[in-house]
Amino acid sequence: MKRAVGPLDKRKRVTRCQSCVKRRIKCQGGFPCEYCIRTKKQCLAQLPAPKPRHEFIAMTPIKTPLPMIQLPTQVSRSPEGIYSDHFALFMKHCEFTKGFGDVSSDLVSLIYTCPPLQQATLAIGALEASRGGCRSTSSGPASPQHLAFKYYNGSIQALREQLQSPDALQSEGVLWCTFLLGLFELMSETSGERWIKHMLYGTCRIFQSKDPGNLEPLSERLFEAFSLLEASRAIIYGESTFLFQDSWMKRKKSPATDSMETVLGFLVRISTWSKR
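Residues numbered from 1 in each chain as written. Predicted model: local features only at pLDDT ≥ 70, side-chain atom pairs only at ≥ 80, totals over all residues. Heavy atoms only, no water.

Novice: Where do I start with the overall build of the protein in this structure?
Specialist: When helices and strands are counted, the protein shows 12 helices and 0 strands. Listed by position from the N terminus, the elements making up the protein come as α-α-α-α-α-α-α-α-α-α-α-α. Counting over 276 residues, the protein shows a buried share of 38%. Counting every atom, the protein has about 19000 Å² of accessible surface; 56% of that belongs to carbon and sulfur. (Helix = DSSP H or I, 4+ residues; strand = E, 2+ residues; numbered from the N terminus. Buried < 20%, exposed > 50% of the residue type's maximum accessible area, 1.4 Å probe, protein only. Areas by Shrake-Rupley, 256 points an atom, 1.4 Å probe, with all protein chains shown as cover.)

Written out as structure tokens, the structure reads:
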């Protein structure tokens, strides 16, 4: 019967010497062993492996209070910044002519140098925010709609003060301000009376004081959009328009807007039929 071999075996346990352990060979046992006698080496017993020591560390409570960590507060934007963004989005949707929606980026430097124009842009931005259900503002006196008319009245007051200057009509900021005030009134009123007033007595008069063939870049871009509204106004109310004057009809047209200029020419001519 085959004898079982295991941890309960009664056979003598042989411990290898250090030389046999180093050579990785089987040790015959005894001191000195056969290998150490044959090789004439010092036969030393293998050192027992050190037993792991478990140390228990007592946890002592920390009496020094931990410093409070101040979480950064969320930076809240001012209403002016919010409504300026809404104004830029509004202008992108105003596709009077090709590329007109991108004019807001070119107006930035002009806005900050002309207080009436800045107030007008904030008025349109706040009114647009009230229509879109802006969540960043509350209702009541600080609601977007209330602030829209507050900015509008501030723009009117600042525009009246700036018009006292003799060179106010040559300012591009004043020109754009009258146009944007007209857009605000067109958005906020159903009658359109104030819109006609600003279009006829504001933007029209300023354009008539300028040289048709020598408009500034921003004035040129505004004229392309303004002409459509002015021609439509003349048709609806059966009134004459300065656009039919020879100096404005013969002005140099931009190649990129030839098709729009053709449509505009028809509108201007149609507006004169009621006067015949």
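Read on, since the account is not over.
Novice: Looking at this structure, how should I read the pattern of salt bridges?
Specialist: In this structure the tally under the stated criterion is 2 salt bridges. One salt bridge in this structure joins Asp 106 and Arg 221, with 2.5 Å as the shortest N-O distance. Note that Asp 106 is positioned in helix α4 (residues 103–106) and Arg 221 in helix α10 (residues 217–237), a separation of 115 residues in sequence. A salt bridge links Glu 216 to Lys 210; its shortest N-O distance comes to 3.8 Å. For Lys 210, a relative accessible area of 7% translates into the label buried. (Salt bridge = Lys/Arg side-chain N within 4 Å of Asp/Glu carboxyl O.)

Novice: What should I look at first to understand helix α3 (residues 79–93) in this one?
Specialist: Every α-helical turn comprises 3.6 residues, leaving residues that sit three or four positions apart pointing alike. With 15 residues, α3 ought to run about 21 Å at 1.5 Å a step, and its terminal C-alpha atoms sit 21 Å apart, in line with that. If you check which residues of α3 are buried, you get Gly 81, Ile 82, Tyr 83, Phe 87, Phe 90 and Met 91. Where α3 is buried, its residues contact α4, α5 (108–111), α6 (115–131), α7 (144–162) and α8 (172–188). (Expected span 1.5 Å × (residues − 1). Contact = heavy atoms within 4.5 Å.)

Novice: Would you take a moment to explain the side chain of Thr 178 for this structure?
Specialist: Secondary-structure assignment places Thr 178 in helix α8. A relative accessible area of 5% means that Thr 178 is categorised as buried.

Novice: Could you clarify how one ought to interpret the packing of α7 against α8 in this entry?
Specialist: When two helices pack together, their arrangement is given by the angle between the helix axes and by the axis-to-axis distance. At their nearest, the axes of α7 and α8 sit 11 Å apart, and the two run at 145 degrees to each other. In this structure, α7 crosses over α8, and the sense of that crossing is left-handed. Residues Ala 148, Phe 149, Tyr 152, Ser 155, Ile 156, Leu 159 and Gln 162 of α7 form the contact with α8, whose own contacting residues are Val 174, Cys 177, Thr 178, Leu 181, Phe 184, Glu 185 and Ser 188. Of the residues assigned to the contact of α7 with α8, the class counts are 9 nonpolar, 4 polar and 1 charged. (Axes fitted to C-alpha atoms, helices over the stretch in contact; angles between N-to-C directions. Left-handed = near helix turned anticlockwise from the far one by under 90°. Nonpolar A, V, L, I, M, F, W, Y, C, P; charged D, E, K, R; others polar.)

Novice: I'm lost on the nonpolar core in this one. Help?
Specialist: When a protein is soluble and globular, its nonpolar side chains tend to lie buried together. Formed by 51 residues in total, the largest nonpolar core has its most connected members in Trp 176, Phe 179, Leu 180 and Phe 207. Secondary structure elements with two or more residues in this core: α3, α5, α6, α7, α8, α9 (193–208) and α10. For Leu 180, the residues in contact, after removing those within four places along its chain, are Phe 87, Met 91, Leu 117, Ala 120, Thr 121 and Ile 124. With 7 residues, the next largest nonpolar core counts Cys 17, Cys 20, Cys 33 and Cys 43 among its residues. (Core = buried A, V, L, I, M, F, W, Y, C linked by side-chain atoms within 4.5 Å.)

Novice: Sorry if this is basic, but what is going on with the packing of aromatic side chains here?
Specialist: Two aromatic rings, taken as a pair, are described by how far apart their centres are and by the angle between their planes. What the rule picks out here adds up to 7 aromatic pairs. Judged by centre distance (5.4 Å) and plane angle (75 degrees), the rings of Phe 149 and Phe 184 are edge-to-face. One end of the pair, Phe 149, is in helix α7; the other, Phe 184, is in helix α8, with 35 residues separating them in the sequence. The class for Phe 184 is buried, based on a relative accessible area of 1%. Consider the rings of Tyr 152 and Phe 184, whose centres lie 4.9 Å apart with planes at 15 degrees: the pair is stacked. Taken as a pair, Tyr 152 in helix α7 and Phe 184 in helix α8 lie far apart in primary sequence, 32 residues in all. Among the aromatic residues, ring-to-ring pairing joins Phe 207, Phe 223, Phe 226 and Phe 242 into one connected group. (Phe/Tyr/Trp six-rings, centres within 6.5 Å; stacked < 30°, edge-to-face > 60°.)

Novice: Explanation requested: the confidence of the model for the protein in the structure shown.
Specialist: The predicted coordinates ought not to be read in detail in places where the model reports low pLDDT. Residues of the protein with pLDDT of at least 70 account for 69%, and the chain-wide mean is 75. Every residue in residues 135–139 is under pLDDT 50, and counting partners more than four places away or in other chains gives 6 contacts. (pLDDT = per-residue confidence, 0-100.)

Novice: Help me understand the environment of Gly 154 in this model?
Specialist: Within the fold, Gly 154 resides in helix α7. Note: C-alpha distance between Gly 154 and Gln 118 (36 residues apart in sequence) is 9.8 Å.

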